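One letter stands for each residue in the lines below.
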Amino acid sequence: MTLPGSPPFDPIARFRLDGKVAVVTGASSGLGARFARVLDAAGARVVIAARRLDRLEALAAELRDAVVVVCDLREPGAPEALIESAVDRAGRLDVLVNNAGVTVISKALDETTEIFESTVRLNLVVPFVLAREAARHMIERPDGTGGVVVNIASLVGLVASGRIPQASYAASKHGIVGLTRELAAQWARKGVRVNAIAPGWFESEMTRDMFHGDRHESSQAYIAAQTPMGRAGAADELDGVLVFLASSASSFVTGQVISVDGGWTIV
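Here we summarise the structure given alongside this text. (Residues numbered from 1 in each chain as written. Predicted model: local features only at pLDDT ≥ 70, side-chain atom pairs only at ≥ 80, totals over all residues. Heavy atoms only, no water.)

**Observations regarding the overall build of the chain**
Inference 1: When helices and strands are tallied, the chain shows 8 helices and 7 strands.
Inference 2: Against the 2.2 N^0.38 benchmark of 18 Å for 267 residues, the chain shows a C-alpha radius of gyration of 19 Å, consistent with a compact globule.
Inference 3: Across the 267 residues that make up the chain, the buried fraction comes to 49%.
Inference 4: Within the chain, counting contacts between residues at least 6 apart in sequence, those at least 24 apart form 68% of the total.
Inference 5: Put simply, the chain shows about 13,100 Å² of open surface, and 54% of that area lies on carbon and sulfur atoms. (Helix = DSSP H or I, 4+ residues; strand = E, 2+ residues; numbered from the N terminus. Rg over C-alpha atoms; globule rule 2.2 N^0.38 Å. Buried < 20%, exposed > 50% of the residue type's maximum accessible area, 1.4 Å probe, protein only. Contact = heavy atoms within 4.5 Å. Areas by Shrake-Rupley, 256 points an atom, 1.4 Å probe, with all protein chains shown as cover.)

In C-alpha cells, the structure reads:
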C-alpha cells in the first residue's frame, strides 16, 4: 500500500538510465547500433564508437544527444583514447558495452597464427583494456556511484560452435566469459559490476551470410534444428537483458553470463 503523499510504487523506474553516460563499441551497424538506440531510449547519453564515420553520423542523427568517436580499436592506444574522449566530451562514464568484435570462419588447420592473434586481440584484449580504463574512472568518481561493464560474449563462449569452425572466435569468447567473472570479483567492492550477454544466432554483419548468403536456407534449417525454440533471435530480444544489466535493476548482479539463445546452450 502506498502511503499518502509518498511517490507511487514504480519498479520500472529502476530500469531507467536518465543522467547516465554509456559507451557502445562497434556501434556503426548490427547489434551495436541496436544497443545504442536502446540505451538512448532508456535515457542514457550514448557515446558511439566505430571506424565508419558516415554510419556513426547517421545513427547519431536518430539519437537525442550522442557523442561520435571514430576509432579503430585495433590500433595501439585507441582503447585508452576512446575512454578518455568519452569522459572529456560527455563528462562522466557509467556504462561500457564491449560489443566490437570480429569472427573468422575457418578450419583450425587453415587458420594462420596471425589471424588467430588478430581476432583474439580485438575480441578479448581490447575489451579488457576498455574495461580497465573505464573502471578507473568509475572507481575514482567522487559521488561513489561506480559503474557497469556489459561484455558481449556468445553462445560460442559457452559451448563449441559445432558445424561452423571458428577457433579464434570461440577462444576469444570463452576468454570474455572468464574475464567477466574475474573482473567482477576484483571490482565488486569498488562499485563496478561486470556482466556479459551471450547471444545465440542473431542477424548482424558478422552473420549476414547465414541469413542472406547462398547457403542461408541450409543455415536457417541448421539453426532451427539445433535451437529448442526452433528459430534465430530477433533484434529486439536482446533489449531487455541489456537494459537490465546496464541499469540499477540489476544492482545485486555481477559476474553473470546471461544466454539469450532460444535454449541452444541447454541441450
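More follows now that the structure is in view.
**What about the pattern of salt bridges?**
Inference 1: With the rule as written, the count across this model stands at 13 salt bridges.
Inference 2: A salt bridge links Arg34 to Asp239; the shortest N-O distance between them is 2.5 Å. Linking Arg34 in helix 1 (residues 30-41) with Asp239 in helix 8 (residues 239-246), this pair joins segments that are 205 residues apart in sequence.
Inference 3: Judged by relative accessible area, which is 27%, Arg34 ranks as partly exposed.
Inference 4: Between Asp143 and Arg92 there is a salt bridge, with the nearest N and O atoms lying 3.8 Å from each other. Of this pair, Asp143 sits in the loop between helix 4 (113-140) and strand 5 (147-152) while Arg92 sits in the loop between helix 3 (78-90) and strand 4 (95-98); the two residues are 51 residues apart in sequence, bridging distant segments of the chain.
Inference 5: Overall, the relative accessible area of 44% leaves Asp143 in the partly exposed class. (Salt bridge = Lys/Arg side-chain N within 4 Å of Asp/Glu carboxyl O.)

**Comments concerning the sheet that holds strand 5**
Inference 1: Spatially, the 7 strands line up as an open sheet ordered 3-2-1-4-5-6-7, and their pairing is parallel. The open sheet has two edge strands with one neighbour each: strand 3 (67-70) and strand 7 (257-260). Between one strand axis and the next, the sheet turns by 15° as a mean value, whatever way the strands run.
Inference 2: As paired strands, strand 2 (residues 45-50) and strand 3 are joined by 4 bridges and run parallel to one another. By the bridge assignment, Val47 is partnered in strand 3 with Val67.
Inference 3: Along the sheet, helix 4 contacts strand 1 (21-25), strand 4, strand 5 and strand 6 (192-199); its crossing angle with strand 4, the most-contacted strand, is approximately 175°. (Pairing = 2+ DSSP bridges. Axes fitted to C-alpha atoms, helices over the stretch in contact; angles between N-to-C directions.)

**Structural notes on the nonpolar core**
Inference 1: Core analysis: the largest hydrophobic core is formed by 36 residues, its most contacted members being Val47, Leu73 and Leu82.
Inference 2: It is helix 4 that contributes the most residues to this core, 7 residues altogether.
Inference 3: In this structure Leu82 touches Val23, Thr25, Ala49, Val69, Cys71, Leu73 and Leu130, once residues within four positions along its chain are discounted.
Inference 4: Within the second largest apolar cluster, 34 residues are counted, among which are Leu31, Phe35, Leu39 and Val97. (Core = buried A, V, L, I, M, F, W, Y, C linked by side-chain atoms within 4.5 Å.)

**Examining the packing of helix 4 against helix 5 (residues 167-187)**
Inference 1: Axis separation between helix 4 and helix 5 bottoms out at 8 Å; the angle between their running directions is 20°. Between helix 4 and helix 5, the crossing angle belongs to the class labelled roughly parallel. Considering how the two elements wind past one another, helix 4 and helix 5 form a crossing that is right-handed. Residue-level inspection shows Phe116, Thr119, Val120, Asn123, Leu124, Pro127, Phe128, Ala131, Arg132, Ala135 and Ile139 of helix 4 in contact with helix 5, the latter providing Ala167, Ser168, Tyr169, Ala171, Ser172, Lys173, Gly175, Ile176, Leu179, Leu183 and Trp187.
Inference 2: When grouped by side-chain class, the residues that make up the contact of helix 4 with helix 5 number 15 nonpolar, 5 polar and 2 charged. (Parallel < 35°, antiparallel > 145°, perpendicular 65-115°, else oblique. Left-handed = near helix turned anticlockwise from the far one by under 90°. Nonpolar A, V, L, I, M, F, W, Y, C, P; charged D, E, K, R; others polar.)

**Some words on helix 7 (residues 216-226)**
An α-helical segment advances 3.6 residues per turn. Residues three or four places apart therefore align on the same side.
Inference 1: Within helix 7, burial applies to Ser219, Tyr222 and Ile223. Seen along its axis, helix 7 keeps its buried residues to an arc of 95°; they face one direction. Residues of helix 7 that are exposed and point more than 90 degrees away from the buried face comprise Glu217 and Ala225. (Arc of directions from axis to C-beta.)

**Description of the packing of helix 3 against helix 4**
Inference 1: Running from N to C, helix 3 and helix 4 point in directions that differ by 35°, and their axes come no closer than 9 Å. Both helix 3 and helix 4 take part in a crossing whose hand is right-handed. Residues Pro79, Glu80, Leu82, Ile83, Glu84 and Val87 of helix 3 touch helix 4, and the partners they reach there are Val126, Val129, Leu130, Arg132, Glu133, Ala134 and His137.
Inference 2: Its residues assigned to classes, the contact of helix 3 with helix 4 shows 8 nonpolar, 1 polar and 4 charged.

Functional significance is not addressed by these values, which are geometric in nature.
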